[in-house]
Amino acid sequence: MKIIYFHGFGSSGASGTVENLRNMLPNDTVIAPDIPLDPLEALPFLRDLCKEEQVDLVIGTSMGGMYAHQMKGYYRICVNPALNMSTASSVLKTGVHKFYNRRKDNQKEFKVTREIIQHHNMIERQQFKDITDDDKEKCFGLFGINDPVVKTYDLFRKNYPNATRFEGEHRLNDKVLRKVVIPLIEEIRRKIEG
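Rules used throughout
- Residues numbered from 1 in each chain as written.
- Predicted model: local features only at pLDDT ≥ 70, side-chain atom pairs only at ≥ 80, totals over all residues.
- Heavy atoms only, no water.
- Pairing = 2+ DSSP bridges.
- Helix = DSSP H or I, 4+ residues; strand = E, 2+ residues; numbered from the N terminus.
- Right-handed = clockwise from strand over helix to strand, strands pointing away.
- Expected span 1.5 Å × (residues − 1).
- Buried < 20%, exposed > 50% of the residue type's maximum accessible area, 1.4 Å probe, protein only.
- Arc of directions from axis to C-beta.
- 1 Å grid on protein atoms, 1.4 Å probe; cavity = no way out; pocket = protein on both sides within 12 Å on 5 of 7 lines; lining within 4 Å.
- Points joined across faces, edges and corners; volume = space filled by probe spheres on them.
- Nonpolar A, V, L, I, M, F, W, Y, C, P; charged D, E, K, R; others polar.
- Polar contact = N/O pair within 3.5 Å; in protein donor to acceptor, adjacent residues only side chain to side chain.
- Contact = heavy atoms within 4.5 Å.
- Axes fitted to C-alpha atoms, helices over the stretch in contact; angles between N-to-C directions.
- Parallel < 35°, antiparallel > 145°, perpendicular 65-115°, else oblique.
- Left-handed = near helix turned anticlockwise from the far one by under 90°.
- Phe/Tyr/Trp six-rings, centres within 6.5 Å; stacked < 30°, edge-to-face > 60°.
- Lys NZ or Arg CZ within 6 Å of the ring centre and 35° of its normal.

> Please provide a residue-by-residue account of the pairing of strand β8 (residues 162-166), values included.
As judged from the five bridges shared by strand β7 (residues 139-144) and β8, these two strands associate in the parallel manner. Within the sheet, the bridge partner assigned to Phe 140 lies in β8 and is Asn 162. Crossover handedness for the path β7 to helix α7 (residues 153-159) to β8: right-handed.

As structure tokens, this is what we get:
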């Protein structure tokens, strides 16, 4: 399978999760782009990349989960999706911040402006528009019971039937990948292969 991974806010395609996915899925291709900071740039970039790469599965965590569920037509796994970052997040605030991981462009810091927060709000207000039954069936939400950052289970469940809680927090670790994410990937693989 060809899998694309969307990282969380302030991270990059070089996150530890990407490395773990590649190690746990050695026969699959895992693509992991650095997501642009501004959602008005990020969303079309990610849609174009999914189409260009002809991916089978989109996986996103946190902010990446918010983007992942909007990749209509693809199978999607959204882990702790930050569906309301502009209004409920203590993370998305104005100022200069450091990236958590190395970026391909070697940038070490990024600046969040009021305009970027407004753009997140615009995207969030449109994110559930025109969801088809096929989109509902192909989108899976995974929510850590002890996640102190994102509380969007009810909002996701209102729009998608496949929402599951797991024993864990906000960030993915080896244990959650092995016990929760990889089995779901294998379930999706069986659906794709028919």
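> Go over helix α5 (residues 114-126) with me, naming the residues and quoting the values.
Side chains of residues three or four places apart in an α-helix project in the same direction, reflecting 3.6 residues per turn. The first and last C-alpha atoms of α5 sit 19 Å apart over 13 residues, in line with the 18 Å expected at 1.5 Å per residue. Taken together, the buried positions of α5 are Ile 116, Ile 117, His 119, His 120, Ile 123 and Glu 124. Projected down its long axis, α5 carries its buried residues within an arc of 155°, all on one side. When the buried face of α5 is taken as reference, the exposed residues oriented beyond 90 degrees from it are Arg 114, Gln 118 and Arg 125.

> Can you tell me about the layout of surface pockets, naming the residues and giving the values?
Of the pockets and cavities examined, the largest pocket occupies roughly 500 Å³. Lining of the largest pocket is provided by 27 residues; of these, Gly 8, Phe 9, Ser 62, His 170 and Arg 171 occupy positions nearest its centre. Those elements that place two or more of their residues in the lining of the largest pocket are α1 (16-24) and α4 (85-88). Residues of the lining of the largest pocket, tallied by class, amount to 11 nonpolar, 14 polar and two charged.

> Got a sec to walk through the side chain of Asn 159? Specific residues and values, please.
Relative to the helices and strands, Asn 159 resides in helix α7. A polar atom in the side chain of Asn 159 sits 2.9 Å from the backbone oxygen of Leu 155. When neighbours within four sequence positions are excluded, Asn 159 is seen to be in contact with Phe 128, Ile 131 and Lys 136.

> Any details on the packing of α1 against helix α8 (residues 174-193)? Residues and values, ideally.
Running from amino to carboxyl end, α1 crosses α8 at an angle of 55°, the nearest separation of the two axes being 11 Å. Relative to α8, α1 is oriented oblique. Between α1 and α8 lies a crossing of right-handed hand. Touching Asn 20, Leu 21 and Met 24 of α1 are Asp 174, Leu 177, Arg 178, Ile 182 and Ile 185, all from α8. Its residues assigned to classes, the contact of α1 with α8 shows five nonpolar, one polar and two charged.

> Outline the packing of aromatic side chains, supporting the account with residue identities and numerical values.
The full count for this structure, using the stated rule, is six aromatic pairs. When the ring of Phe 9 is compared with that of Phe 110, the centres are 5.4 Å apart and the planes differ by 90°; the resulting orientation is edge-to-face. Of this pair, Phe 9 sits in the loop between β1 (2-6) and α1 while Phe 110 sits in strand β6 (residues 109-112); the two residues are 101 residues apart in sequence, bridging distant segments of the chain. Judged by relative accessible area, Phe 9 falls into the buried class, the value being 10%. Put simply, the rings of Phe 128, Phe 143, Tyr 153, Phe 156 and Tyr 160 touch in pairs and so form one group of aromatic residues. The ring centre of Tyr 153 lies 3.7 Å from the NZ or CZ of Arg 165, which sits over that ring.

> Give a detailed account of the sheet that holds strand β3 (residues 57-61), specifying residues and quantitative values.
An order of β2-β1-β3-β4-β7-β8 is seen for the six strands of this open sheet, with the pairing classed as parallel. Pairing within the sheet leaves two strands with one partner each, and these edge strands are β2 (29-31) and β8. Mean inter-strand twist for the sheet, computed between neighbouring axes without regard to direction, equals 20°. As judged from the four bridges shared by β1 and β3, these two strands associate in the parallel manner.

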